Amino acid sequence: MAFLSVIRRWHFRDQLSIREISRRTGLSRNTVRKYVRDNTVEPTFQVPERPSKLDAFADKLSAWLCAEATKSRKQKRTIKQLHADLVSLGYDGSYGRVAAFARDWKADRQREQQTSGRGTFVPLTFEPGEAFQFDWSEDWALIGGERTKLQVAHFKLSYSRAFFVRACLLQTHEMLFDAHNHAFRVLCGVPRRGIYDNMRTAVDKVERGKERQVNARFSALVSHYLFEAEFCNPASGWEKGQVEKNVRDARHRLWQPMPRVTSLEELNDWLESRCKDLWQTIAHGTQPGTIADIWAEEVPKFMQVGRLFDGFVEYAKRVSPTCLVHFERNRYSVPASFANRPVSLRVYPDRIVVVAVGVSVCEHHRIINRSHDRPGRTVYDWRHYLAVIQRKPGALRNGAHFAELPEAFRSLQRHLLKKPGGDREMAEILALVLHHDEQAVLTAVETALEAGVPTKTHVLNLLHRLTDGKLVTPPTIQAPQALTLSQEPKANVERYDALRKLKETRNAS
């Protein structure tokens with residue numbers, strides 16, 4: 001190309017003849033004349049079509065490459081394996097020619113995708129209050145000194161770009177429902193549409209096109225909050241690109257460095273306040289002002305949040321003979337009257353509620369074990385076994401259920417078990433909790449211990465006085481000065497001795 005530039009400069013600027021240029025360059029005059037007359041600035045060369053041994057196998061190799069492109073990385077055949085398969089079909093060319101064909105095929109395919117497929121996107125616009133996007137991510141935090149893996153729910157409003165993040169321990173239905181309740185509370189309303197991927201807690205089956213078999217409990221959530229749920233095409237995360245970007249940005253804004261908290265509740269409180277602070281500082285991008293400014297304009301377009309969705313997941317269980325129900329490798333106690341009977345277990349993110357015949361029977365704090373190498377735990381409530389110890393008072397001595405009795409009850413038990421029949425007396429005192437306020441019974445026991453009379457009769461007496469509205473210790477009365485005695489009476493038992501002597505005399509006569 002530089003040589004062509006010299007020829008053109010000699011002819012048009014220096015006015016040299018074609019003969020002189022031919023003499024200086026050694027090119028034929030016809031060649032020089034062609035470059036000058038055609039006004040050629042950049043030389044072009046036609047590559048002749050040369051036949052290749054691969055031409056007869058080109059269609060076969062293209063079909064193989066197309067099939068391999070849909071497989072996972074671990075299942076794809078290498079170019080060497082494709083070359084060996086072609087050789088078995090009669091190809092006698094080199095491996096380099098097959099590799100060059102594969103490179104050209106991949107380059108052509110990539111150009112096609114970037115012009116009409118996954119590589120090209122259409123910018124989207126949303127109206128105020130129109131939609132929000134949801135997604136899950138996995139992050140880590142130091143909770144109570146232990147590095148804990150978290151499932152993080154991300155919400156992002158499509159118009160104002162306000163976002164909300166809540167950490168959970170599992171990606172289950174009850175965690176999903178709880179995250180929605182808190183998100184709509186913080187965002188101050190419910191948009192008209194929600195955009196999701198095809199997560200298992202929402203979609204039971206992906207059908208053709210946009211058809212989905214939606215989970216029944218997720219449908220109940222959608223019906224409660226009156227928004228329309230839309231689901232992306234499979235493996236099409238760009239259809240909810242705003243929340244996908246929020247997942248990436250949140251790792252730098254919220255999770256680096258790793259948060260250090262004492263409990264999950266403290267972490268979620270910090271995440272909520274941190275998100276609101278970021279709204280004040282992050283510019284919206286397409287509109288003047290911060291995210292908080294545009295969010296304030298969008299809030300009136302939302303539907304107001306009424307009653308929160310009761311987001312439990314219900315399981316049918318049967319109570320064991322030891323008055324326990326099993327859930328997630330843990331055991332929870334149930335009142336003894338429901339032993340060997342079916343009950344319903346309503347699971348919330350933070351608690352377990354046992355329901356029988358439509359009535360809540362008991363409630364426990366939920367235990368979530370992330371490590372399966374640890375044994376399950378048993379959560380007892382000693383009140384659930386009071387009916388049993390009425391028939392089996394000896395179980396008080398070694399019953400695991402009574403290891404967490406209040407200290408006053410345990411002190412009374414130590415006194416009573418030293419005498420015969422103490423087991424039954426203690427069982428009868430504990431049974432008072434079934435008919436009276438537990439704090440009143442506990443106060444009566446503490447008062448009896450302080451008085452040094454740890455007996456059933458005394459505890460009952462004190463309890464009756466408490467329940468009747470009478471104080472256990474009479475108040476001190478300050479007598480008026482006019483009623484003060486001038487001579488204090490003294491106890492004199494001599495007259496009783498005189499009576500005793502008189503009685504002895506009578507007996508003798």
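Residues numbered from 1 in each chain as written. Predicted model: local features only at pLDDT ≥ 70, side-chain atom pairs only at ≥ 80, totals over all residues. Heavy atoms only, no water.

Asks: Describe the pairing of strand 3 (residues 163-168), naming the residues involved and giving the relevant values.
Replies: Here strand 3 lies mainly inside the structure; 6 of its 6 residues are buried. Here strand 3 shows two buried faces, one formed by Phe-163, Val-165 and Ala-167 and the other by Phe-164, Arg-166 and Cys-168. With 6 bridges connecting them, strand 2 (residues 146-157) and strand 3 associate as antiparallel partners. Across the sheet, the residue bridging to Phe-155 is Phe-164, located in strand 3. What sits between the antiparallel neighbours strand 2 and strand 3 is a turn of 5 residues, in which Arg-161 has the positive phi angle 65 degrees. (Buried < 20%, exposed > 50% of the residue type's maximum accessible area, 1.4 Å probe, protein only. Helix = DSSP H or I, 4+ residues; strand = E, 2+ residues; numbered from the N terminus. Pairing = 2+ DSSP bridges.)

Asks: Could you give me a rundown of the environment of Ala-250, with the residues and numbers involved?
Replies: Locating Ala-250 in the fold gives a position in helix 9 (residues 241-253). Residue classification places Ala-250 among the buried positions, given a relative accessible area of 3%. For the pair Ala-250 and Arg-341, spaced 91 residues apart in the sequence, the C-alpha separation amounts to 48 Å. Contact partners of Ala-250, with chain neighbours within four places excluded, come to His-154 and Trp-255. (Contact = heavy atoms within 4.5 Å.)

Asks: Run through the side chain of Asn-181, naming residues and quoting values.
Replies: Along the chain, Asn-181 falls in helix 7 (residues 173-187). Beyond its immediate sequence surroundings of up to four residues, Asn-181 is in contact with Tyr-225, Leu-308 and Phe-309.

Asks: Go over the packing of aromatic side chains, please, and point to the residues and values.
Replies: The tally for this structure, following the rule as stated, stands at 20 aromatic pairs. When the ring of Phe-177 is compared with that of Phe-309, the centres are 5.3 Å apart and the planes differ by 90 degrees; the resulting orientation is edge-to-face. Highlighted residues: Phe-177 in helix 7 and Phe-309 in the loop between helix 11 (291-298) and strand 9 (313-318), separated in sequence by 132 residues. Here the two residues Phe-177 and Phe-309 agree in accessibility, since each one is buried. Judged by centre distance (5.2 Å) and plane angle (90 degrees), the rings of Tyr-196 and Phe-218 are edge-to-face. A residue pair is termed long-range when its members are at least 10 positions apart, and Tyr-196 in strand 4 (residues 193-196) and Phe-218 in helix 8 (residues 216-225) qualify at 22 residues. (Phe/Tyr/Trp six-rings, centres within 6.5 Å; stacked < 30°, edge-to-face > 60°.)

Asks: Please provide a residue-by-residue account of the pattern of salt bridges, values included.
Replies: All chains considered together, the criterion is met by 31 salt bridges. Linking Glu-272 and Arg-185 is a salt bridge whose minimum nitrogen-to-oxygen distance equals 3.1 Å. Here Glu-272, found in helix 10 (residues 264-281), pairs with Arg-185, found in helix 7; they are 87 residues apart in sequence, far enough to count as distant. Looking at Glu-272, the relative accessible area reads 14%, which means it is buried. (Salt bridge = Lys/Arg side-chain N within 4 Å of Asp/Glu carboxyl O.)

Asks: I'd like a rundown of the nonpolar core, residues and numbers included.
Replies: Ranked by size, the top nonpolar core spans 53 residues in total, and within it Phe-134, Leu-150, Phe-218, Trp-255, Leu-267 and Trp-279 carry the most contacts. Top contributing element to this core by residue count: helix 7, with 8 residues. Ignoring anything within four residues of it in the chain, the contact list for Trp-255 reads Asp-139, Trp-140, Ala-141, Leu-150, Val-152, Val-165, Ala-167, Ala-250, Leu-267 and Leu-271. Among the nonpolar cores identified, the runner-up in size contains 31 residues, and Tyr-385, Ile-389, Phe-402 and Leu-412 belong to it. (Core = buried A, V, L, I, M, F, W, Y, C linked by side-chain atoms within 4.5 Å.)

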